[in-house]
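# Summary of the model geometry
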Amino acid sequence: LSVEGKKVQLPIVVGTEAEKAVDISKLRDETGFVTLDSGYKNTGATKSAITFLDGEKGILNYRGYSIEDLAAKATFLEVAYLLIYGELPTQEQYAEFEDSIRRHTIVNEGVRAIFDNFPVNAHPMATLSSLVSALSAFYPDSYDEKGKDDRHIIRLLAKLPTIASWSYKKAQGHPVNYPKNDLDYCSNFLNMMFSLPVEKYEVDPVVASALNTLLILHADHEQNCSTSTVRLVGSSQANLYSSISAGISALWGPLHGGANQEVIEMLEAIKADGGDVSKYIDMAKNAKTTGFRLFGFGHRVYKNFDPRAKIIKKAADDVLTKLGVNDPVLEIAKGLEEAALNDEYFVARKLYPNVDFYSGIIYRALGIPTNMFTVMFAIGRLPGWIAQWKEMRAMKEPIGRPRQIYTGATLRDFVPM
Ligand code: MLT
């Protein structure tokens, strides 16, 4: 609204006739002045100093460091430290952080006993969320009530890859591998996944480096379904293990972390149907009649390229070339991207590939099965969730209570049957 030549902001109460009469996204784009009620779908309801995301420009920074720089030069644990503690570690701080993580990679055998009773075909995300929650029963001494003891943070970072590898091993019919703590974080995970009792296994540095990049790219993405879940659950002062378990459950869905699994399945289906990219581009444009949805395109926040997608596309090319893997779905993915970027329908709607579009192709090349893709996302996102939980507690945020607009019946008389 303009008053005496100056723009002023008026509150628009969600759910009122006034809100219905206004195209909020248009008003926001034109004035930059609309503030939605905090309960309005979580987004924008939190102040945070962790991750900066400009969806218009396709910019993503962690604590002020560009994602491109970090993905090219940092280790995942450096990024974890940066997100959780706010600054990059000195050499001494890094050595201490890495060492404390190494010392906590083994998981209590009681947790293993629970895991042993899960079915062989349990989804790895079901296993992960349950066992992370169970950690609060096994490590209650590490709850951080005063903010001085970080053992719960270290334990989670250390144990998540160990637990994740168990699901894979069980599905393969193999015994689990114990952590090998002389290895770095990524190599240790790969060794737990792929080492077999009878064969010598050497972690390929190309594979370890690709995994490092992928984990960094997934380390935080400001408020979204899983992150705001972690903050919301944690706002009741629930312990970190329970809060992260809730975040893992939120991530599982196909609209969030499960999306890269959907992408691979879609690319496989296109390949099985002869790989005709233009046919599927046309089907996506006529989704209302065809029912076909192009997974991995577009993002609720990005109106430009998801910066992570650009890095992942290059990484996919590099990794597949270096490993000598010829995966036809990479060519189909590139074909879809190129066709879409040259098609007015996609250009007008700013539908660019997002982070999920290429990540599954790399995971596959690394030997990680499709039902583990979301688990990989969770390992990457863990430091971000921890940082958000820690920040929420440090800011002494009140318990979350999303606003509700009641849309049900008015008072009715109860007439017994
Ligand atoms: C993510 O990285 O969490 C996804 O892109 C979802 C999102 O942030 O909207």
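The rules behind these values
Residues numbered from 1 in each chain as written. Predicted model: local features only at pLDDT ≥ 70, side-chain atom pairs only at ≥ 80, totals over all residues. Heavy atoms only, no water. Helix = DSSP H or I, 4+ residues; strand = E, 2+ residues; numbered from the N terminus. Buried < 20%, exposed > 50% of the residue type's maximum accessible area, 1.4 Å probe, protein only. Salt bridge = Lys/Arg side-chain N within 4 Å of Asp/Glu carboxyl O. Axes fitted to C-alpha atoms, helices over the stretch in contact; angles between N-to-C directions. Parallel < 35°, antiparallel > 145°, perpendicular 65-115°, else oblique. Contact = heavy atoms within 4.5 Å. Nonpolar A, V, L, I, M, F, W, Y, C, P; charged D, E, K, R; others polar. Near = heavy atom within 4 Å. Polar contact = N/O pair within 3.5 Å; in protein donor to acceptor, adjacent residues only side chain to side chain. Areas by Shrake-Rupley, 256 points an atom, 1.4 Å probe, with all protein chains shown as cover. Expected span 1.5 Å × (residues − 1). Pairing = 2+ DSSP bridges. Phe/Tyr/Trp six-rings, centres within 6.5 Å; stacked < 30°, edge-to-face > 60°. Lys NZ or Arg CZ within 6 Å of the ring centre and 35° of its normal. pLDDT = per-residue confidence, 0-100. Arc of directions from axis to C-beta.

## Details of the overall build of the chain
- Within the chain, the secondary structure is distributed over 20 helices and five strands.
- For the chain, with 417 residues in total, the buried portion stands at 48%.

## Some words on the pattern of salt bridges
- Inspection of every chain in the model, using the stated rule, returns 19 salt bridges.
- Taking the shortest distance from any N to any O, the salt bridge between glutamate 337 and lysine 313 comes out at 3.4 Å. Of this pair, glutamate 337 sits in helix 17 (residues 328–341) while lysine 313 sits in helix 16 (residues 307–323), and the two are 24 residues apart along the sequence.
- Its relative accessible area of 6% is what places glutamate 337 among the buried residues.
- One salt bridge connects lysine 334 with aspartate 317, and the closest N-O pair in it is separated by 2.8 Å. With lysine 334 in helix 17 and aspartate 317 in helix 16, this residue pair connects regions lying 17 residues apart in the sequence.
- Here the residues in one salt-bridge network are Glu268, Lys271, Asp327 and Arg364, joined through shared partners.

## A look at the packing of helix 19 (residues 356–365) against helix 20 (residues 373–394)
- Axis separation between helix 19 and helix 20 bottoms out at 10 Å; the angle between their running directions is 105°. By the angle between their directions, the pair helix 19 and helix 20 is classed as roughly perpendicular. Between helix 19, through Asp356, Gly360, Tyr363 and Arg364, and helix 20, the contact on the second element is made entirely by Phe373, Met376 and Phe377.
- The residue makeup of the contact of helix 19 with helix 20, split by class, is four nonpolar, one polar and two charged.

## What to know about the site of the ligand
- Taken together, the residues surrounding the ligand are His221, Asn224, His256, His299, Arg308, Phe377 and Arg381.
- In this structure, asparagine 224 approaches the ligand through a side-chain N or O atom, which is 2.9 Å from an oxygen atom.
- Between arginine 381 and the ligand, the recorded distance is 2.8 Å, taken from a side-chain N or O atom to an oxygen atom.
- Its free accessible area being 260 Å², the ligand has 86% of it covered by the protein chains.
- Per-class residue counts for the shell around the ligand are one nonpolar, four polar and two charged.

## So, helix 12 (residues 240–252)
- Relative to the 18 Å expected for 13 residues at 1.5 Å per residue, helix 12 spans 18 Å between its end C-alpha atoms, a close match to the ideal helical length.
- At the N-terminal end of helix 12, a side-chain oxygen is found 3.0 Å from the backbone nitrogen of tyrosine 241, two or three residues along, and the residue is asparagine 239.

## Concerning the pairing of strand 3 (residues 51–54)
- Relative to strand 4 (residues 59–62), strand 3 runs antiparallel, the two sharing four bridges. Bridging across to strand 4, phenylalanine 52 finds its partner in asparagine 61.
- Where strand 3 hands over to strand 4, the hairpin turn is made up of four residues, of which glycine 58 adopts a positive phi near 70°.

## Observations regarding the sheet that holds strand 4
- In space, the three strands of this open sheet follow the order 3-4-5, with antiparallel pairing throughout. The two strands at the open ends of the sheet, each matched to only one other strand, are strand 3 and strand 5 (65–66).
- As paired strands, strand 4 and strand 5 are joined by two bridges and run antiparallel to one another. Looking at the pairing, asparagine 61 lines up with serine 66 of strand 5.

## What about the packing of aromatic side chains?
- For the structure shown, the criterion picks out 14 aromatic pairs.
- Pairing tyrosine 85 with phenylalanine 97 gives two aromatic rings, centres 6.2 Å apart and planes at 85°, and the pair type is edge-to-face. In this pair, tyrosine 85 sits in helix 4 (residues 76–85) while phenylalanine 97 sits in helix 5 (residues 91–102), placing the two residues 12 residues apart along the sequence.
- We classify tyrosine 85 as partly exposed; its relative accessible area is 28%.
- Here the basic side chain of arginine 112 rests over the ring of tryptophan 166, its NZ or CZ set 5.7 Å away from the ring centre.

## Focus on the confidence of the model for the chain
- A residue-level look at the chain finds 88% of positions with pLDDT of 70 or above and a mean pLDDT of 89.
- Scored below 50 in pLDDT, residues 38–43 makes six contacts in the model with residues more than four places away or belonging to other chains.

## Digging into the packing of helix 7 (residues 124–138) against helix 12
- Orientation of helix 7 relative to helix 12, taken along the N-to-C sense of each, is 170°, at an axis distance of 7 Å. By the angle between their axes, helix 7 is roughly antiparallel relative to helix 12. Taking contact as the criterion, the partners of Met125, Ala126, Leu128, Ser129, Val132, Ser133, Leu135 and Ser136 in helix 7 are, on helix 12, Tyr241, Ser242, Ile244, Ser245, Ile248, Ser249, Leu251 and Trp252.
- When the residues that make up the contact of helix 7 with helix 12 are grouped by side-chain class, the tally is 10 nonpolar, six polar and no charged.

## Side note on unusual backbone geometry
- The backbone of lysine 350 shows a phi angle near 55°, a positive value even though the residue is not glycine.
- Within the element layout of this structure, lysine 350 appears in the loop between helix 18 (344–348) and helix 19.
- Overall, lysine 350 belongs to the partly exposed group, its relative accessible area being 38%.
- Residues other than glycine seldom take positive phi values, yet lysine 396 does so here, at roughly 50°.
- Lysine 396 gets classed as exposed once you look at its relative accessible area, which sits at 72%.

## Some points on helix 17
- The end-to-end C-alpha distance of helix 17, which contains 14 residues, comes to 20 Å, matching closely the 20 Å that a straight helix rising 1.5 Å per residue would cover.
- Within the sequence span of helix 17, burial applies to Val329, Leu330, Ile332, Ala333, Leu336, Glu337 and Ala340. Buried residues of helix 17 fall within an arc of 165° about the axis and therefore sit on the same side. Set apart from the buried face of helix 17 by more than 90 degrees, the exposed residues are Glu331 and Glu338.

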